[in-house]
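Summary of structural features
Now for the letters of each chain:
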Amino acid sequence: MPRPVVAFDPAQTQASFEVSLRVPMRAVGHFTRVSGQMQGDAGAGWTVLVQVDGASLRFEGPAWMDRVTRSEAFLALDRYPEIRFASAGFTDTVLHAGGELRGELQLRGRRRPVTFQLLPADCARPGHDCDITVRGRISRHAFGMNTYRMTVRDEVDFRFRMRFLPPSPAVPAGPDPAA
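This text gives an overview of the structure that appears in the document. (Residues numbered from 1 in each chain as written. Predicted model: local features only at pLDDT ≥ 70, side-chain atom pairs only at ≥ 80, totals over all residues. Heavy atoms only, no water.)

**A short note on helix α1 (residues 63-70)**
Of all the residues in α1, the buried ones are M65, V68 and T69. Angularly, the buried residues of α1 cover 100° about the axis, an arc narrow enough to put them on a single face. Those residues of α1 that are exposed and aimed more than 90 degrees away from the buried face are A63 and R67. Taken together, the buried residues of α1 touch β2 (14-21), β3 (26-31) and β6 (57-60). (Buried < 20%, exposed > 50% of the residue type's maximum accessible area, 1.4 Å probe, protein only. Helix = DSSP H or I, 4+ residues; strand = E, 2+ residues; numbered from the N terminus. Arc of directions from axis to C-beta. Contact = heavy atoms within 4.5 Å.)

**Observations regarding the packing of aromatic side chains**
Applying the stated rule across the entire model yields seven aromatic pairs. Ring centres of F8 and F164 lie 5.7 Å apart, and the angle between their planes is 5°; this geometry places the pair in the stacked category. Here F164 lies in the segment after β11 (152-162) and F8 lies in the loop between β1 (5-7) and β2, a separation of 156 residues in the sequence. We note that F8, like F164, is buried. Pairing F17 with F59 gives two aromatic rings, centres 6.2 Å apart and planes at 50°, and the pair type is tilted. With F17 in strand β2 and F59 in strand β6, the pair connects residues that are 42 residues apart, well separated along the chain. With respect to class, F17 is no different from F59; both count as buried. (Phe/Tyr/Trp six-rings, centres within 6.5 Å; stacked < 30°, edge-to-face > 60°.)

**Focus: the pairing of strand β9 (residues 110-118)**
Where strand β8 (residues 99-107) lies against β9, nine bridges are found, and the strand directions are antiparallel. Bridge pairing links Q106 to R111 in β9. The turn joining β8 and β9, which pair antiparallel and follow one another in sequence, is formed by two residues; a positive phi near 60° is taken by R108. Bridge count between β9 and strand β10 (residues 132-139): two bridges; the pairing is antiparallel. Its bridge partner being in β10, Q117 is matched across the sheet by R135. (Pairing = 2+ DSSP bridges.)

**Some details on the sheet that holds strand β4 (residues 34-41)**
Two pairing modes exist for strands in a sheet, parallel and antiparallel, and in both the strands are linked by backbone hydrogen bonds. Taken in spatial order, the eleven strands of this open sheet run β1-β4-β5-β7-β8-β9-β10-β11-β2-β3-β6, and their pairing is antiparallel. Here the strands that pair on one side only, and so sit at the sheet edges, are β1 and β6. Going from strand to strand, the sheet's axes swing by 20° on average, the running direction of each strand aside. Bridging between β4 and strand β5 (residues 45-53) involves eight bridges; their strand directions are antiparallel. Bridged to M38 within β5 is V48. (Axes fitted to C-alpha atoms, helices over the stretch in contact; angles between N-to-C directions.)

What follows is the structure in structure tokens.
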């Protein structure tokens with residue numbers, strides 16, 4: 001029997017990252033087009049798939065940082081516009097109380113295992129009545145971003161906030177054609 005699938009609401013789902021510079025400056029990027037889904041149920045557990053359209057990147061800070069972040073030296077968005085995260089299975093307890101969220105991140109054409117943190121939910125129905133929030137840190141070097149070592153630290157912090165699409169209203173039954 002197929003496990004239920006719930007789609008994320010693109011209007012209420014966000015992804016962002018922060019790069020640590022070796023000078024006192026923040027480099028924060030936001031992606032405006034994020035989609036995905038959660039599949040499973042409370043008894044069998046859950047999996048999550050998040051897809052980020054890299055072309056939707058909006059960067060806070062100087063214009064040169066935006067250019068560098070999109071460039072071949074960093075995200076290489078012209079060649080690899082899609083960023084994906086596919087989780088391993090996790091329990092309903094982790095969905096509500098928080099905990100490790102293991103999975104695979106695809107970035108710059110490379111796939112690497114990563115472990116993010118699913119934060120505790122603020123409500124009884126995460127994704128419906130409150131955000132599902134995930135944070136994590138990756139090594140940019142693990143994904144082939146090796147330039148600018150003197151100015152940019154290796155760690156990149158990611159943050160995802162997700163909400164589900166509202167359930168479709170029940171379609172009223174039409175007249176019985178046999179009547």
